[in-house]
Amino acid sequence: MLSVKSTTLEAAVRDLAPAVGSGTAILPLLNGMAHLDHLADRFGDGAVLGGVAKVVTTLNEDGDILRMAPPTVVLTGERDGRPSARVDEVREVLAGAGIDTPEVPDIIGAMWHKWVFITTLAAVTSLARGAVGEVNAVPGGTEFGLAVLAEAAAVSAAAGYPVPSRNSASPPGRWPPRTLR
């Protein structure tokens, strides 16, 4: 499992390199998509799985990460969507540690949909300088949030991973859009 901020990815890759062998599976749990190409270029396409971590956390005054709600969910899969024994093994290890690991038929789609979620929340809260509830409470706040969501969803769709509608059945790991209320 590789879980670092993108700004420290290169240093982590250098540190990780001596431990990567022909049978190594790298499960990156970073937000975004660019790290996949970077890792595949360095370690080979076959070494790199897709992954999504879903946790609800915040930072306290001391900078400690606090988990605010269970469960922790980790989605993983082969980037080409095929079933594999190594993904089953990773899921089994994670489940043994109490981490929910539902099967996901399209890990790259799940990664794009998390990107939509993270991008929307980050853009709305950063640009409006407030928490989601605060943004919704002001005139035009909800509309602003929905416009940002629509833009992020359009980017995901243009990449070939449209976000399912609120009314569609979403397979595990998909992020169905909801209003910001």
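See above for the structure.
Residues numbered from 1 in each chain as written. Predicted model: local features only at pLDDT ≥ 70, side-chain atom pairs only at ≥ 80, totals over all residues. Heavy atoms only, no water.

### A look at the overall build of the protein chain
Helix and strand counts for the protein chain come out as 6 helices and 2 strands. Going from the N terminus to the C terminus, the protein chain shows its helices and strands as α-α-β-β-α-α-α-α. What you see for the protein chain is a C-alpha radius of gyration of 17 Å, in line with the 16 Å of a compact globule of 181 residues. For the protein chain, the spread of C-alpha atoms along the three principal axes comes to 55 × 40 × 30 Å. Counting all 181 residues of the protein chain, 36% fall into the buried class. Partitioning the contacts of the protein chain with sequence separation of at least 6, the portion at a separation of at least 24 is 61%. (Helix = DSSP H or I, 4+ residues; strand = E, 2+ residues; numbered from the N terminus. Rg over C-alpha atoms; globule rule 2.2 N^0.38 Å. Buried < 20%, exposed > 50% of the residue type's maximum accessible area, 1.4 Å probe, protein only. Contact = heavy atoms within 4.5 Å.)

### As for the nonpolar core
Ranked by internal contacts, the top residues of the largest apolar core, which has 22 residues, are Leu 2, Leu 39, Phe 43, Leu 75, Ile 107, Ile 108 and Met 111. At 5 residues, the largest contribution of residues to this core is made by helix H4 (residues 107-128). If we ignore the near neighbours within four places in the chain, the residues touching Ile 107 are Gly 50, Gly 51, Val 52, Leu 75, Thr 76, Gly 77, Glu 78 and Arg 79. By size, the runner-up hydrophobic cluster in this structure holds 7 residues, among which are Leu 27, Leu 29, Leu 49 and Leu 94. (Core = buried A, V, L, I, M, F, W, Y, C linked by side-chain atoms within 4.5 Å.)

### Focus: the environment of Met 68
On the secondary structure map, Met 68 appears in strand S2 (residues 65-77). Each C-alpha atom of the pair Met 68 and Pro 102 lies 21 Å from the other, and the pair is 34 residues apart in sequence. When neighbours within four sequence positions are excluded, Met 68 is seen to be in contact with Val 56, Thr 57 and Thr 58.

### Observations regarding the pattern of salt bridges
In this structure the tally under the stated criterion is 6 salt bridges. Ionic pairing is found between Arg 79 and Asp 45, a salt bridge with its closest N-O pair at 2.6 Å. Placement of the pair is Arg 79 in the loop between S2 and helix H3 (85-96) and Asp 45 in the loop between helix H2 (34-43) and strand S1 (50-59), with a sequence separation of 34 residues. Residue classification places Arg 79 among the partly exposed residues on the basis of a relative accessible area of 21%. The residue Arg 91 makes a salt bridge to Glu 103 at a minimum N-O spacing of 4.0 Å. On the criterion of sequence distance, the pair formed by Arg 91 in helix H3 and Glu 103 in the loop between H3 and H4 is long-range, its members being 12 residues apart. The class for Arg 91 is buried, based on a relative accessible area of 16%. Judged by its relative accessible area of 59%, Glu 103 falls in the exposed class. Via salt bridges that share partners, Glu 78, Asp 80, Arg 82 and Arg 86 belong to a single interconnected network. (Salt bridge = Lys/Arg side-chain N within 4 Å of Asp/Glu carboxyl O.)

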